[in-house]
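Chain by chain, the residues:
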Amino acid sequence: MNEAQIHGYHAHVYYDADSLEQARQLCEEAVRRFGVQMGRMHQRPVGPHPDWSCQLAFGSEAFAAVVPWLALHRDGLVVFIHPDTGDDLRDHRDHAIWMGAVRPLDLSQFG
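Below or above, wherever it landed, is the structure these notes cover. No experiment lies behind these values; they were computed from the predicted model shown. (Residues numbered from 1 in each chain as written. Predicted model: local features only at pLDDT ≥ 70, side-chain atom pairs only at ≥ 80, totals over all residues. Heavy atoms only, no water.)

So, the overall build of the chain
Per the secondary structure count, the chain includes three helices and five strands. The order of helices and strands in the chain, counted from the N terminus, is β-α-β-β-α-β-α-β. Compactness check: the chain gives a C-alpha radius of gyration of 13 Å against a globular reference of 13 Å for 111 residues, within 12% of the reference. For the chain, the residues scored as buried account for 41% of the 111 residues in total. Intrachain contacts of the chain at a sequence separation of at least 6 include 62% that bridge at least 24 residues. Of the roughly 6300 Å² of accessible surface on the chain, 47% is carried by carbon and sulfur atoms. Put simply, the chain has 9 plus and 15 minus side-chain charges, and the middle of one group is 3 Å from the middle of the other. (Helix = DSSP H or I, 4+ residues; strand = E, 2+ residues; numbered from the N terminus. Rg over C-alpha atoms; globule rule 2.2 N^0.38 Å. Buried < 20%, exposed > 50% of the residue type's maximum accessible area, 1.4 Å probe, protein only. Contact = heavy atoms within 4.5 Å. Areas by Shrake-Rupley, 256 points an atom, 1.4 Å probe, with all protein chains shown as cover. Lys, Arg positive; Asp, Glu negative; His and termini not counted. Charge placed at Lys NZ, Arg CZ, Asp CG, Glu CD.)

Given below as structure tokens:
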């Protein structure tokens, strides 16, 4: 079996109009604390994500700090985390870590 190499992680924080500012504060605090890369605060579904979301990107070395912190501070927000191995379909479908409700992803774009 060929072992996939993890190049980093993405955490997608999901929100709606009512929780937009809560999500923004969470993401901005993650940037301050851990130096993660914060994407745009999308106010529509993008990519495979069914809800509004913001991506936090971080290296494998930060996983042990970032993920537990998100678990303790997400305050009801859904967070979808996946590794970046270069295989988008498997990363989103098979290697997913969910905090909160599991949401249906549209994986059709990954072939």
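Comments concerning the state of the cysteines
Overall, the coordinates contain zero disulfides when judged by the stated rule. Of all cysteine sulfurs, the one in Cys54 lies closest to Cys27, which takes part in no disulfide; the gap is 3.8 Å. Exposure remark for Cys27: the relative accessible area of 0% places this residue in the buried category. Using a relative accessible area of 0% as the deciding quantity, one classes Cys54 as buried. (Disulfide = S-S within 2.5 Å.)

Re unusual backbone geometry
At Asp75, a position not held by glycine, the phi torsion is positive, near 45°. When you line up the elements, Asp75 lands in the loop between helix 2 (63-73) and strand 4 (79-83).

Some remarks on helix 1 (residues 20-34)
Taking 1.5 Å as the rise per residue, helix 1 with 15 residues should run 21 Å; its terminal C-alpha atoms sit 21 Å apart, in good agreement. Of the residues one or two after helix 1, Gly35 is the one with positive phi, at around 70°. (Expected span 1.5 Å × (residues − 1).)

Quick look at helix 2
Those residues of helix 2 not exposed but buried are Val66, Val67, Trp69 and Leu70. Considered in projection along helix 2, the buried side chains sweep an arc of 165° and stay on one side of the axis. For helix 2, the exposed residues set more than 90 degrees away from the buried face come down to Ala64 and Leu72. Residues of helix 2 that are buried sit in contact with strand 1 (9-15), helix 1, strand 3 (52-58), strand 4 and strand 5 (97-99). Asp75, located one to two residues past helix 2, shows a positive phi value of around 45°. (Arc of directions from axis to C-beta.)

So, the side chain of His10
With respect to the helices and strands, the residue His10 is situated in strand 1. Classification of His10 by relative accessible area gives buried; the value is 19%. Not counting residues within four places of it along the chain, the set of residues in contact with His10 comprises Gln55, Leu56, Ala57, Phe80, Ile81 and His82.

The analysis is restricted to geometry; functional conclusions fall outside its scope.
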